[in-house]
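# Understanding the architecture of this molecule
Each chain is listed here by its residues.
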Amino acid sequence: MPTSVKLILYGTTFCHLCEQAEAVLQAVGVEAEHIDIAEDDGLLEQYGVRIPVVKREDTGEELGWPFNDLTLKKFLK
């Protein structure tokens with residue numbers, strides 16, 4: 001399900017849930033820009049206990065973990 005929607009995946013290095021989220025993105029056939037929240041105090045405060053989070057750049061809408069291929073596809077429509 002390739003999409004022209006630009007996505008951001010907020011997470012951290014060595015986050016097993018973030019790796020699972022990446023696998024869901026790959027299964028759906030979409031890519032996201034990865035942003036490590038540990039490198040930004042503001043992002044760490046905002047997303048620290050919520051990661052992984054996928055954010056649509058066009059609407060600002062966010063999809064928090066847990067999600068699967070079906071919920072991700074719905075989020076992208």
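Residues numbered from 1 in each chain as written. Predicted model: local features only at pLDDT ≥ 70, side-chain atom pairs only at ≥ 80, totals over all residues. Heavy atoms only, no water.

Turning next to the sheet that holds strand β4 (residues 62–64). Taken in spatial order, the four strands make up an open sheet running β2-β1-β3-β4, and their pairing is mixed. Looking at the sheet topology across the chains shown, the edges are occupied by β2 (33–36) and β4. Strand-to-strand twist in this sheet, taken as the mean axis angle between neighbours without regard to direction, amounts to 25°. Note: strand β1 (residues 7–11) against β2, four bridges, orientation parallel. Across the sheet, residue L9 finds its bridge partner in β2, namely H34. Strands β1, β2 and β3 (53–56) of the sheet are contacted by helix α1 (residues 16–28), whose axis makes an angle of about 160° with β1. Across the face of the sheet, helix α3 (residues 69–76) comes into contact with β1, β3 and β4 while running at roughly 170° to β4. (Pairing = 2+ DSSP bridges. Helix = DSSP H or I, 4+ residues; strand = E, 2+ residues; numbered from the N terminus. Axes fitted to C-alpha atoms, helices over the stretch in contact; angles between N-to-C directions. Contact = heavy atoms within 4.5 Å.)

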